[in-house]
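Notes for the structure review
Chain by chain, the residues run as shown.
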2 protein chains.
Amino acid sequence: MSPGALDGLVEALRRLPGVGPKSAMRMAYHLLQHDRDGARLLAQTLETAMSAVRHCQRCNTFTEDEICATCRDPERDAALLCVVETAADQAAIERTGSYRGLYFVLQGKLSPLDGIGPHDIGLSRLYARAGEEGVREVILATNFTAEGEATAHVLSETLKSRGVVVTRLARGVPAGSELEYVDLGTIAHALVDRR
Amino acid sequence: MSPGALDGLVEALRRLPGVGPKSAMRMAYHLLQHDRDGARLLAQTLETAMSAVRHCQRCNTFTEDEICATCRDPERDAALLCVVETAADQAAIERTGSYRGLYFVLQGKLSPLDGIGPHDIGLSRLYARAGEEGVREVILATNFTAEGEATAHVLSETLKSRGVVVTRLARGVPAGSELEYVDLGTIAHALVDRR
């Protein structure tokens, strides 16, 4: 009733983020019963992506080329360098359509408690990149979490000491929100950073 | 920034049930960044399961053999035949550890509005199976949804007319629940079916 191949599939599906034992079983049954073509397609695209997708030599984002399309784009403003924690964060900024500079994708965020230091997230490469001629401003767009803020702080101190202009994404009240329902920390920050 | 192989993977992940565009992207980034081995394992297990797992010739559940382990088990009580909508439902009954008979897995449920009739869910094979010597009782364990109930009704009428003893899973108040929070239809059914 629970043959080896089915169990193996359920186990493998559990490695996807956010998928527990019940969802994994539901997915496996669904694919077997209703979408075997989809399952084969998924197997193929997984293989293809894992072998074809690598990191851009310049900005570290995912790409199939040596240098990604964004870094190669002559329309981009090479004077602006936006630092993000992950390629997903970069994708979020790209979707806004309001940034025309280049990026540098960290390999995560500083997290001394987990033993993740400057070297693990590729900071030396970022420092070299930020020191290149033509870079006028580094925009820190790490997350507004404890670790993201700590990473931004370290980056800011180091880059400023090297004479680079450093800015941080604005903190404040999210668009479309009513003050009554915004958390106090956010309102306090918005007051301090008022303009 | 969003290369073909990555887009293809995100699209394919969306074919999993319950996975929308955001989760698919999160899964793809996670696999690329943190678990390429997991992704390759998933690709392999998908391929293996899709080619190895088929339907048991006797009860229709998923198996890698001609006849599944449950149907082959001599310890099972062949006088009892439990009809379920899906292999997942069968797995749920098996997990209770309180049923020692055999199963018949339908290919879904009757749904005239969607054009799914008796032939599509393999009812003729079930009728033949239920008519075999040695089958003493057919237990209808289709879901307690409108379609599951309709399927149970049709099965019950047909099997009874052929002289088969037919029972249905008991309806009633779920174990561990407080009456105050149980829906009215369930309480009404539990009253009618009181014993």
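Small disclaimer: the values here were computed from a predicted structure and weren't measured. (Residues numbered from 1 in each chain as written. Chains lettered and ligands numbered in written order. Predicted model: local features only at pLDDT ≥ 70, side-chain atom pairs only at ≥ 80, totals over all residues. Heavy atoms only, no water.)

Focus on the packing of aromatic side chains
Each aromatic ring pair is summarised here by two numbers: the centre-to-centre distance and the angle between the ring planes. Heads up, the condition is: Pairing of aromatic side chains here covers Phe, Tyr and the six-membered ring of Trp, requires ring centres within 6.5 Å, and sorts the geometry by plane angle: under 30 degrees stacked, over 60 edge-to-face, intermediate tilted. For every residue, the accessible area obtained with a 1.4 Å probe (protein chains only) is divided by the maximum for its type, and the residue is called buried under 20%, exposed over 50%, and partly exposed between those limits. Here, a charge over a ring means that NZ of Lys or CZ of Arg falls within 6 Å of the ring centre while also lying within 35 degrees of the ring normal.
According to the stated counting rule, one finds four aromatic pairs over all chains in the structure shown. Ring plane angle 65° and centroid distance 5.2 Å describe the contact between Y99(B) and Y103(B), whose orientation is recorded as edge-to-face. The pair Y99(B) / Y103(B) is uniform in exposure class, with both members buried. We note R168(A) situated over the ring of F144(A); from NZ or CZ to the ring centre the distance is 4.0 Å.

Quick look at helix α3 (residues 36–52) of chain B
Which entries qualify depends on this criterion: Comment: elements are numbered from the N terminus, with helices defined as DSSP H or I runs of at least four residues and strands as E runs of at least two. Multiplying 1.5 Å by the residue count of a helix minus one yields the expected span of that helix. Throughout, a residue-residue contact means that at least one pair of heavy atoms, one from each residue, lies within 4.5 Å.
The end-to-end C-alpha distance of α3(B), which contains 17 residues, comes to 24 Å, matching closely the 24 Å that a straight helix rising 1.5 Å per residue would cover. Close packing links the buried residues of α3(B) with α1 (4–13), α2 (21–34) and α3 (36–52) of chain A together with α2 (21–34) of chain B.

A few points about the interface of chain A and chain B
Convention followed: Defined in terms of a 1.4 Å probe, buried area is the accessible area two parts forfeit on being brought together, summed over both. For this document, the term salt bridge refers to a Lys or Arg side-chain nitrogen within 4 Å of an Asp or Glu carboxyl oxygen. Each residue is assigned to one class: nonpolar for Ala, Val, Leu, Ile, Met, Phe, Trp, Tyr, Cys and Pro, charged for Asp, Glu, Lys and Arg, and polar for all the others, Gly among them.
Chain A puts 55 residues into the contact, and the matching count from chain B is 54 residues. Around 4,900 Å² of area is buried between chain A and chain B when both sides are counted, 69% of it from carbon and sulfur atoms. Joining chain A to chain B, the criterion identifies two salt bridges. Linking D35(B) and R15(A) is a salt bridge whose minimum nitrogen-to-oxygen distance equals 2.9 Å. When contributions to the side of chain A that touches chain B are tallied by element, the ones reaching two or more residues are α1, α2, α3, β1 (54–55), β2 (62–63), α4 (69–72) and α5 (87–96) of chain A. Sorting elements by how many residues they give to the side of chain A that touches chain B places α3(A) first, with 16 residues. Considering only residue class, the side of chain A that touches chain B consists of 29 nonpolar, 15 polar and eleven charged.

Quick notes on the domain arrangement of chain A
Stated formally: Start and end positions for the domains come from either an automated domain assignment or a database one.
As assigned here, chain A comprises domain 1 (5–52) and domain 2 (76–168). The C-alpha centroid of domain 2 of chain A is placed 34 Å from the C-alpha centroid of domain 1 of chain A.

A look at the packing of α3(A) against α3(B)
What counts is decided by this rule: For helices, the fitted axis covers only the stretch in contact; all axes are lines through C-alpha atoms, and the angles between them, taken along N-to-C directions, range from 0 to 180 degrees. Orientation is classified from the angle alone, with under 35 degrees giving roughly parallel, over 145 giving roughly antiparallel, 65 to 115 giving roughly perpendicular, and any other angle giving oblique. For any helix crossing, the convention is left-handed if the near helix is rotated counterclockwise from the far helix by under a right angle, and right-handed if that rotation is clockwise.
Interhelical geometry of α3(A) versus α3(B) gives an angle of 150° and a closest axis separation of 9 Å. Taken together, the axes of α3(A) and α3(B) lie roughly antiparallel to each other. The interaxial crossing formed by α3(A) with α3(B) has left-handed handedness. In this structure, α3(A) contributes R36(A), A39(A), R40(A), L42(A), A43(A), L46(A), E47(A), A49(A), M50(A) and S51(A) to the contact, and α3(B) contributes R36(B), A39(B), R40(B), L42(B), A43(B), L46(B), E47(B), A49(B), M50(B) and S51(B). Residues that form the contact of α3(A) with α3(B) fall into these classes: twelve nonpolar, two polar and six charged.

Let's talk about the pattern of salt bridges
Across all of its chains, the model carries 22 salt bridges over all chains by this definition. What you see here is one network of salt bridges that share partners, running through E149(A), R168(A), R171(A) and D193(A).

Some words on the confidence of the model for chain A
Formally: For every residue, the pLDDT score states the predictor's confidence, bounded by 0 at the bottom and 100 at the top.
This prediction gives chain A a mean pLDDT of 90; 98% of its residues lie at or above 70. Reported confidences for the modelled complex are a pTM of 0.80 and an ipTM of 0.82.

Details of unusual backbone geometry
With a phi close to 85°, N60(A) is a non-glycine residue in the positive phi region. Relative to the helices and strands, N60(A) resides in the loop between β1 and β2.

Points about the relation of the copies chain A and chain B
Condition: Alignment of the copies relies on least squares applied to C-alpha atoms, considering only residues that score at least 70 for pLDDT in both.
You can overlay chain A on chain B at an RMSD of 0.1 Å; the transform is a turn of 180° with a shift of 0.1 Å along its axis. Here the two chains are linked by the operation of a two-fold rotation axis. Closest to the rotation axis within chain A is the C-alpha of A43(A), separated from it by 2.0 Å. When the interface residues of chain A are mapped onto chain B, 98% of them again lie at the interface, so the same face is used by both copies.

Points about the environment of L9(A)
Turning to its location among the elements, L9(A) is positioned in helix α1. Classification of L9(A) by relative accessible area gives buried; the value is 0%. In this structure L9(A) touches A28(A), L42(B), T45(B), L46(B), A49(B) and M50(B), once residues within four positions along its chain are discounted.

Some details on the UniProt feature "zinc finger region: C4-type" (unreviewed entry) in chain A
Going by this rule: UniProt positions are given in the numbering used here, feature names are shortened, and annotations may be inferred rather than shown by experiment.
In the numbering adopted here, UniProt assigns the feature "zinc finger region: C4-type" (unreviewed entry) to residues 56–71 of chain A. What you have in residues 56–71 of chain A is 19% helix and 12% strand, and the ends, taken at the C-alpha atoms, are 8 Å apart.

Considering the sheet that holds strand β4 (residues 101–105) of chain B
Residue and element names in this part refer to chain B. What counts is decided by this rule: Only strands joined by at least two bridges in the DSSP assignment are considered to pair.
Strand order in this open sheet of four strands is β4-β3-β5-β6, and the pairing throughout is parallel. Each edge of the open sheet carries a strand with a single partner, namely β4 and β6 (165–168). Put simply, the sheet's adjacent strands are angled 25° from each other on average, direction ignored. Bridge count for strand β5 (residues 137–140) against β6 is four bridges, and the pairing is parallel. Across the sheet, L140 pairs through a bridge with R168, a residue of β6. Relative to β4, helix α5 (residues 87–96) is tilted by about 160°, and along the sheet it contacts β3 (77–84) and β4.

Section: the sheet that holds strand β6 (residues 165–168) of chain A
All names here are of chain A. In space, the four strands of this open sheet follow the order β4-β3-β5-β6, with parallel pairing throughout. The sheet is open, and its two borders are formed by β4 (101–105) and β6, each paired with just one other strand. In this sheet, adjacent strand axes meet at a mean angle of 30° when their direction is disregarded. As defined by bridge partners, strand β3 (residues 77–84) adjoins strand β5 (residues 137–140) across four bridges and the pair is classed as parallel. Each residue of the ladder has a partner; that of L81, found in β5, is V138. Lying on the sheet, helix α6 (residues 123–130) is in contact with β3, β4 and β5; it crosses β4 at an angle near 160°. Against the sheet, helix α7 (residues 146–161) engages β3, β5 and β6, with an angle of about 165° to β6.

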